[in-house]
Every structure is written in structure tokens, then in C-alpha cells.
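A look at the structure
So you can see what is in the structure, the chains are spelled out below.
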Amino acid sequence: MERELKFATKCVHAAEKPDPVFGAHTTPIFQTSTFIFENARQGAARFAKEESGYVYTRIPPNTPTHAVLAEKFAELEGGEAGQTFASGMAAITAIALTTLKQGDHLISTDVIYGCTFSLFSEVLPGLGIDVSFVDTSDIENVKRAIKPETKMVFLETPANPTLILCDIAEIAGIARENGALCVVDNTFATPYFQRPLELGADLSLSSCTKYIGGHADLLGGIVAGNKDFMNRMSLVVGYTGGIMGLHEAWLCIRGLKTLHIRMDRHAENAMKVAEFLESRPEVEWVRYPGLTSHPQHELARKQMSGFSGMLSFEVKGGIEAGRRLMDNVKLCSLAVSLGATDTLIQHPALMTHACVPLAVRKRIGITDGLVRLSVGIEDSEDIIEDLKQALEAI
Ligand code: LCS
């Protein structure tokens, strides 16, 4: 049997094919909206899906640039196939529309990115889909929430912004036994640190806007899973049209080539920053899966090979102290999004999760004083120095 390439080698080489016409070393951007058929028979065969190949840029497999990115990501996640999207939200929407219809039931992690929460709580119920938000950190809650109509269990782990985890293998098993699809939003961990498909999930998705692109200069989404699901989803992709731009696809291919190096540095820096914050008298608590104080540190060690670059913490003095901290940082950028090369600081209660009702935020631990940090790949000493001066200025 052929030896499987290591993850770092896959980041660099997977799906890359030298251009057979001109020999271009990198994957070209196929800046075209349509593809020429050799004859009418071929055009008809491609539309009928009797023959594989490109048709029109909105319709999967979109273009060869998109196809290389989808295949590269699928290989990194350990999936059979992939599909790219205009954003992480477009990916989540297409998965939901492919899987759920009127009368179906969705179980979702309760701590989840704000717009995913709004999509599930405001848009899907309008289509007749019943949604239960569940604390998936306890599998008993998932078992209790399952109904005959449950068609999908949607997990986000580590969760945005509280960094709470859920046991992917256990929950994927429960979903499978009950005929429901298990989908994991793997944006925070990336396939470098966590591979949900290998743990039994059906689909793993990422917002490429974050670590996959890696440089805070694009919007994109991507999904990996089996071929059958991708074929079914291709209809929804073609009909709804939320596809990734060509330049973005090219940037994501480039981003993935350094994913392993960037993620190691993000995680190394995040651990140092988490330990620094935990040692400070101004800080009430710190939540980072790599800290032994994280309530699910053992689970993190079991299902992740590293702890990524995201952490949250609360400064003593609540919302006001947090606001002063954010106003006083000089090196860190006060911005939403995450997974950039620079360190980003933001306030979920007023920013990314402002759309989540206060009562829900309180129940799921998004306190008003919670500050979220996306630790960048700068020198950790400089990040820590900046946070130190900002904490002292509170
Ligand atoms: N999933 C997670 C876990 C996210 O954090 C985000 C965006 C998305 C999906 C959606 O991806 P997008 O459509 O933006 O590509 N998270 C953001 C955040 O925490 N700040 O700004 C956006």
C-alpha cells in the first residue's frame, strides 16, 4: 500500500497539479464564467451529470481553481470530497438546505457563532424547521433532545466565544444511531488540530475567512465530507449561487500551504498569552483548551492535537474594565473576525454575539465582561507586553 503523506506535506502538495498546457507551477485562476463544450452531445452529458467536467462557474465543480481548493481541503480533513462557498455562512446555509425540510428537527450546540445562532433561531423556523439549542458539552442533553424528526446535529467545537468543547466521537455516534447527520464547524481548530470526520462526523466545515485564508483579507467557506452528500449539496449550491470568488479560492490555496506553520505559532503564542493572563491579578478567569484549568482539558487532549489560537477571558470590573482594556491596546487590533496573522481583540456581548438575546447569553456563559482574543503569529513577548500595559491602564 502507498504510504500516506504527512499533514504538512499535504498542505503543500495535496491536489496541486502542474498546468498541462503552459507548465505554470501554481494553480492558475481560471477567470471565466462559462466553459466551452466540444460538441452538443458533451454539453448535454455534462448537464445530465453523465460526464464529469466544468459547465458554468456557479455550478459545482465551479472552476478548476475551486476544484483544487476543494480537493486539497478534503484531503486535509480526511474526506472524500469538498465544496467551496462565498463565506462560512453560505456553507452552513447550503448544508442546512440540503439536509432539512419542513417538519424536520435540528439540534445545535447552544454556544455558537452569533450569525449561525440567528440563522438557526430566526430563518430556519420560518421554513418550518424545529430547532433545539442544547448544551452539547454534556452528551446526556443530546440524547434527551433527539426526536424521530431529528435530521441534523450541528456542533461547534471549540465554541465561539466561550471555548467550550463537545465530544465529537460520542455525539457523532448518537447522531448515527438515530439517522441524523453530524456536522462540525471546525473553524476554531482547523483540520491541523482536529479532524471531525476521523472522529465519526459526516461533515466538517470551516469559515475560510479565518485560519484557512489566514491573512484577514478574504471571505470564504468550505465543507468536507462524502461524495454522496457533496453531489446532493451541489444542486443547492447551483440554485442558491453562494459560491467562492476566484481570487479568494486562489488565496485559500496559497493560505493552506502554510496552515501547519501558522497554526503551530498561533497555538504556541496562545498558550503563552493564556498563562500570562492567568497569572495577572486584574484577570478574573481565562478559558483556553490548552490550560489545565479548562473544564474540558482532558477532552481537548483526546480529540485535538493542539489547542489553536483562540481564548477568552474576563477582567475584574466587568464590562467597563473590559472596554478600557480594549481601548488601551496598541499592538492588538480591536476587530472582529479571527485567525489573522495579527492579534485581534473583541467584545462578544457587544459585537459578534450582540444578536444573541441577553437571557441566552447569560445562560450559555457569554458574560458582559467576556473579552475574546485571536492570538496572532507575532512574537509572543510583544503581544504580552501590549496586554500588560493595557491591563495596567484599566
Ligand atoms: N463559524 C464560525 C465558528 C465563525 O466564527 C464564523 C464567523 C462563521 C462560521 C461564519 O463565517 P463567515 O461567513 O464570516 O466566513 N465568525 C466571526 C467572528 O467571530 N467574528 O467575525 C466573524
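From a predicted model like this one, the values you see are computed outputs, not experimental measurements. (Residues numbered from 1 in each chain as written. Predicted model: local features only at pLDDT ≥ 70, side-chain atom pairs only at ≥ 80, totals over all residues. Heavy atoms only, no water.)

What to know about the site of the ligand
Note the threshold: Any residue with a non-hydrogen atom lying within 4 Å of a molecule or strand is treated as near it. The term polar contact refers here to a pair of N or O atoms within 3.5 Å; inside protein, the definition further demands a hydrogen-donor-capable atom paired with an acceptor-capable atom, and it admits residues adjacent in sequence only when both atoms are side-chain atoms. Reported accessibility uses the Shrake-Rupley method at a 1.4 Å probe radius. Residues are deemed covered only where the shown protein chains occlude them. Only DSSP runs of H or I covering at least 4 residues are called helices, and only runs of E covering at least 2 are called strands; the numbering of each starts at the N terminus.
Near the ligand lie 17 residues; those nearest to it are Asp-185, Ser-207, Thr-209, Ser-337 and Arg-372. In this structure, Ser-207 approaches the ligand through a side-chain N or O atom, which is 2.8 Å from an oxygen atom. Calculation on the ligand without its partners gives an accessible area of 480 Å², and the protein chains cover 93% of this total. Counting only elements with at least two residues in the shell around the ligand, the list comes to helix H4 (88-99) and helix H9 (208-212).

A look at the packing of aromatic side chains
Any pair of aromatic rings gets described here by the distance separating the centres and the angle formed by the planes. For the record, the criterion: Put simply, two rings from Phe, Tyr or Trp (the six-membered ring, in Trp's case) pair if the centres are within 6.5 Å, and we call them stacked under 30 degrees between planes, edge-to-face over 60, tilted for the rest.
Overall, the coordinates contain 7 aromatic pairs when judged by the stated rule. With 5.4 Å between their ring centres and 50° between their planes, Phe-7 and Tyr-192 make a pair best called tilted. Of the two residues, Phe-7 sits in helix H1 (residues 7-13) while Tyr-192 sits in helix H8 (residues 190-193), which places them 185 residues apart along the sequence. Taken together, the ring pairs connect Phe-7, Tyr-192 and Phe-193 into an aromatic cluster.

Let's talk about the nonpolar core
Formally: Residues grouped as a nonpolar core are buried Ala, Val, Leu, Ile, Met, Phe, Trp, Tyr and Cys residues, joined through side-chain atoms within 4.5 Å. With a 1.4 Å probe rolled over the protein chains alone, any residue whose accessible area is under 20% of its type maximum counts as buried; one over 50% counts as exposed, and the rest are partly exposed. Those domain boundaries reflect an automatic or database domain assignment. Here, residues are in contact when the closest pair of their heavy atoms is within 4.5 Å.
Of all hydrophobic cores here, the largest spans 61 residues; its most connected members are Val-273, Leu-277, Leu-311, Phe-313, Ile-345, Leu-373 and Leu-387. Looking at this core element by element, the count peaks at 8 residues for helix H12 (residues 259-278). Shared between two domains, this core takes at least three residues from each, and those domains are domain 1 (7-256) and domain 2 (259-392). Beyond its immediate sequence surroundings of up to four residues, Phe-313 is in contact with Leu-277, Val-283, Trp-285, Val-286, Leu-325, Gly-369, Leu-370, Val-371 and Leu-373. Formed by 37 residues, the second largest nonpolar core is a distinct cluster that contains Phe-85, Ile-112, Leu-124 and Val-183.

Let's talk about a nonpolar patch on the surface
To keep it simple, the criterion reads: Patch membership requires over 30% relative accessible area and the absence of a salt bridge. Like charges are linked within 9 Å, and nonpolar side chains (Val, Leu, Ile, Met, Phe, Trp, Tyr) within 5 Å. Whenever a carboxyl oxygen of Asp or Glu lies within 4 Å of a side-chain nitrogen of Lys or Arg, that contact is scored as a salt bridge.
Nonpolar side chains collect at one region of the surface, where Leu-334, Val-336, Leu-350 and Met-351 lie side by side and expose about 330 Å² of accessible area between them. With respect to the helices and strands, Val-336 occurs in the loop between strand E10 (333-334) and strand E11 (344-346). Relative accessible area serves as the criterion here: at 42%, Val-336 is assigned to the partly exposed category.

Focus: the packing of H4 against helix H10 (residues 227-240)
We count it as follows: A fitted line through C-alpha atoms represents every axis, and for helices the fit uses only the stretch in contact; the resulting angles, taken between N-to-C directions, go from 0 to 180 degrees. Working definition: roughly parallel below 35 degrees, roughly antiparallel above 145 degrees, roughly perpendicular at 65 to 115 degrees, and oblique for all remaining angles. Crossings are sorted by hand: turned counterclockwise from the far helix by less than a right angle, the near helix makes the crossing left-handed, and turned clockwise it makes it right-handed. Residues are grouped as follows: nonpolar covers Ala, Val, Leu, Ile, Met, Phe, Trp, Tyr, Cys and Pro; charged covers Asp, Glu, Lys and Arg; every other residue, Gly included, is treated as polar.
Their axes nearest at 9 Å, the elements H4 and H10 cross at an angle of 115°. Viewed along their axes, H4 and H10 adopt a mutual orientation that is roughly perpendicular. Crossing of H4 over H10 shows right-handed handedness. Residue-level inspection shows Ala-94, Ile-95, Leu-97, Thr-98 and Thr-99 of H4 in contact with H10, the latter providing Phe-229, Arg-232, Met-233, Val-236 and Thr-240. Of the residues that constitute the contact of H4 with H10, the class distribution is 6 nonpolar, 3 polar and 1 charged.

Brief notes about the sheet that holds strand E8 (residues 283-287)
Our working definition: Note: two strands are recorded as paired if DSSP finds a minimum of 2 bridges between them.
Here we have 5 strands laid out as an open sheet, ordered E8-E9-E12-E11-E10, and mixed in their pairing. The sheet is open, and its two borders are formed by E8 and E10, each paired with just one other strand. Examined bridge by bridge, strand E9 (residues 310-315) and strand E12 (residues 370-374) share 5 bridges and lie antiparallel to one another. For Met-310, the partnering residue across the bridge sits in E12 and is Ser-374. Each of E9, E10, E11 and E12 touches helix H14 (residues 318-328); the most contacted strand, E9, lies at about 125° to it.

Focus on H4
Convention followed: What a helix should span is 1.5 Å times the count of its residues minus one.
The terminal C-alpha atoms of H4 lie 17 Å apart, and with 12 residues this matches the ideal 16 Å at 1.5 Å per residue to within 8%. Three or more residues of H4 are buried, namely Gly-88, Ala-90, Ala-91, Ile-92, Ala-94, Ile-95, Ala-96, Thr-98 and Thr-99.

Some thoughts on the domain arrangement of the protein
What counts here: Once two parts are put together, the accessible area they lose, assessed with a 1.4 Å probe and summed over both, is termed the buried area.
Splitting the protein by domain gives domain 1 (7-256) and domain 2 (259-392). Measuring from the centre of the C-alpha atoms in domain 1 to the corresponding centre in domain 2 gives 26 Å. Each partner contributes residues to the interface: domain 1 has 42 residues there, and domain 2 has 41 residues. Between domain 1 and domain 2, roughly 3400 Å² of surface is buried when both sides are summed, and carbon and sulfur atoms account for 63% of that area. Across the domain 1-domain 2 interface, the total number found is 1 salt bridge. When the shortest N-O distance is used, the salt bridge between Lys-302 and Asp-167 registers 2.9 Å. At the junction of domain 1 and domain 2, the tally comes to 20 residue pairs in polar contact (both at pLDDT 80 or more). Those elements giving two or more residues to the side of domain 1 that touches domain 2 turn out to be H1, helix H5 (114-123), H8, H9 and helix H11 (246-256). Of the residues belonging to the side of domain 1 that touches domain 2, the class tally is 26 nonpolar, 13 polar and 3 charged.

Observations concerning the pairing of strand E6 (residues 203-207)
Counting buried positions along E6 gives 5 out of 5 residues, so the element sits mostly inside the fold. Neither face of E6 is left uncovered, since the one carrying Leu-203, Leu-205 and Ser-207 and the one carrying Ser-204 and Ser-206 both have all their residues buried. Two elements, strand E5 (residues 181-185) and E6, share 3 bridges in a ladder whose sense is parallel. Bridge pairing in E6 links Val-183 to Leu-203.

Here we look at the pairing of strand E3 (residues 130-134)
A regular strand places its side chains on the two faces of the sheet in alternate fashion. Just so we agree on the cut-off: By convention a crossover is right-handed if, when the strands point away from the viewer, the path from the first strand over the helix to the second runs clockwise.
Direction of pairing for strand E2 (residues 105-109) relative to E3: parallel, over a ladder of 5 bridges. Paired with His-105 across the strands is Asp-130, a residue of E3. Of the crossover connections in this fold, the one passing from E2 over H5 to the parallel E3 is right-handed.

Quick look at a negative patch on the surface
Rule in force here: Counting rule for charge: Lys and Arg are taken as positive, Asp and Glu as negative, and neither His nor the chain ends is counted. The location of each charge is read from NZ of Lys, CZ of Arg, CG of Asp or CD of Glu.
A cluster of acidic residues, Asp-379, Glu-381, Asp-382 and Glu-385, forms a negative patch on the protein surface. By the secondary structure assignment, Glu-381 is in helix H16 (residues 380-392).

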